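Fold and contact review
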Amino acid sequence: MQIRKRITPVNFTKGRGGRKPIAIVLHIMEGSLSGTDQWFKNPKAQASTHYGVGKNGEVWQWVEETDMAYGNGRVSTPTWGLIDKDNPNLYTISIEHEGFTGQPWTEAMYEADIALIKDIAKRWDIPLDHDHVIGHYQIFGKKPNCPGTGLDWKKLMALLNEPDLKGVCVKSVESPDIFWVDFGGVSHKVKTWESFQEFFKGEPKIVSRETIGDLIKGKEI
Ligand SMILES: [Zn+2]
């Protein structure tokens, strides 16, 4: 996945004080990606997250995963079972999301989140369950609406635990002009090798359920 690096020179602490990330914390911006970008670069903010996901699926990064961002430092009536005495920023990775609480996550946001969360989880050996992928409200009870009802947790957790849908292009010996994109055992026709290459940018990638739906309906890619 493509990540736009926008590392902030302020609002983070180098290192993690010997801890490693054990969970990923999701937030809602109550604003835009660019507004949040400006805020996290303002020394007065004393706020940051590692990543931000835009409504269009763009992913921006403000803090390196090996450093401590300032998203989850305040603790109030926590309901997260794995919280301990240290500052939670030391052992979490946080992701902001564009928009306002209650606004439904766009499909592009779900797609970006799935790819990003899976990547992070793989790097740090974080299980993909609701004890390890949590909402800010589970640490800071005074913000019950972060990330709020716009995120369908059931859907997110189900998508996170689906097997990766990698496209593999197969050419038939019997009909060499037809290519097939194989998504985990389900094959779909694509028109040309060029269209395949353009679509997959030279390598198999994870695609949306909508795209697979389009392919099933016979839409060419
Ligand atoms: Zn938050």
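Above this note sits the structure.
Residues numbered from 1 in each chain as written. Predicted model: local features only at pLDDT ≥ 70, side-chain atom pairs only at ≥ 80, totals over all residues.

Some thoughts on the sheet that holds strand 3 (residues 23–26)
The condition that has to hold: Strand pairing follows a simple DSSP-based rule, namely that at least 2 bridges must link the two strands. A run of H or I in DSSP becomes a helix once it reaches four residues, and a run of E becomes a strand once it reaches two; helices and strands are each numbered from the N terminus. By the convention adopted here, residues make contact when the C-beta atoms placed from their backbones lie within 7 Å. Only the stretch in contact is used when fitting a helix axis, every axis being a line fitted to C-alpha atoms; angles between N-to-C directions are given from 0 to 180 degrees.
Taken together, six strands build an open sheet; the order of strands is 1-5-4-7-3-8 and the sheet is mixed. Single-partner strands in this sheet number two, and they are strand 1 (4–5) and strand 8 (133–135). Two elements, strand 3 and strand 7 (residues 92–97), share four bridges in a ladder whose sense is parallel. Across the sheet, residue L26 finds its bridge partner in strand 7, namely I95. Running at roughly 155° to strand 4 (residues 51–53), helix 2 (residues 107–124) makes contact with strand 3, strand 4, strand 5 (59–61), strand 7 and strand 8 of the sheet.

Observations concerning the environment of P147
Heads up, the rule is: Each residue is classified by how many other C-beta atoms fall within 10 Å of its C-beta atom, where C-beta atoms are placed from the backbone; a count of 20 or more means buried, 12 or fewer means exposed, and values in between mean partly exposed.
If you trace the backbone, P147 turns up in the loop between strand 8 and helix 3 (153–160). Assessed through the 23 C-beta atoms surrounding it within 10 Å, P147 is described here as buried. P147 sits 117 residues away from E30 along the chain, and the two C-alpha atoms are 9.2 Å apart. With near-sequence residues (within four places) excluded, P147 lies in contact with L26, H27, I28, H97, T101, G135 and H136.

Remarks on the environment of E96
The residue E96 is located in strand 7 in this model. Taking the C-alpha atoms as reference, E96 lies 9.5 Å from E30; in sequence the two are 66 residues apart.

A short note on the nonpolar core
Using the following cut-off: Any nonpolar core is a set of buried residues, restricted to Ala, Val, Leu, Ile, Met, Phe, Trp, Tyr and Cys, that join up through C-beta atoms within 7 Å.
Judged by nonpolar contacts, the single largest core of 37 residues is most densely connected at I24, V25, Y51, V53, V59, I95 and L116. For this core, the element with the most residues is helix 2, which contributes six residues. When neighbours within four sequence positions are excluded, V53 is seen to be in contact with V59, I95, H97, E98, M109, A112, D113 and L116.

Focus: the pairing of strand 3
Here strand 3 shows a buried face lined by A23 and V25 and a second buried face lined by I24 and L26. With three bridges connecting them, strand 3 and strand 8 associate as parallel partners. Across the sheet, L26 pairs through a bridge with G135, a residue of strand 8.

Notes on the packing of helix 2 against helix 3
Rule in force here: Note on terminology: angles under 35 degrees are roughly parallel, angles over 145 are roughly antiparallel, angles of 65 to 115 are roughly perpendicular, and the others are oblique. Two helices that cross are described as forming a left-handed crossing if the nearer one is turned anticlockwise from the farther one by less than a right angle, and a right-handed crossing if clockwise. Following the grouping adopted for this structure description, the nonpolar residues are Ala, Val, Leu, Ile, Met, Phe, Trp, Tyr, Cys and Pro, the charged ones are Asp, Glu, Lys and Arg, and the polar ones are all others, Gly among them.
For the pair helix 2 and helix 3, interaxial distance at closest approach is 10 Å and the crossing angle is 50°. Relative to helix 3, helix 2 is oriented oblique. Judged by the sense of rotation from one axis to the other, the crossing of helix 2 with helix 3 is right-handed. Listed contacts from helix 3 to Y110, D113, I114, I117 and K118 of helix 2 are L156, L159 and L160. Here the residues of the contact of helix 2 with helix 3 sort into six nonpolar, no polar and two charged.

A few points about the pairing of strand 7
With six of six residues buried, strand 7 lies mostly within the body of the structure. Here strand 7 shows no split at all, with T92, S94 and E96 on one side and I93, I95 and H97 on the other all buried. Bridge count between strand 4 and strand 7: three bridges; the pairing is parallel. Residue pairing in the sheet places V53 in a bridge with H97 of strand 7.

Notes on unusual backbone geometry
The peptide bond linking C146 to P147 adopts the cis configuration, its omega dihedral lying at 5°. Backbone geometry places E30, a non-glycine residue, at a positive phi of 60°. Mapped onto the secondary structure, E30 falls in the loop between strand 3 and helix 1 (33–40). Phi is positive for D125, which is not a glycine, with a value near 60°. Take D125: it is sitting in the loop between helix 2 and strand 8.

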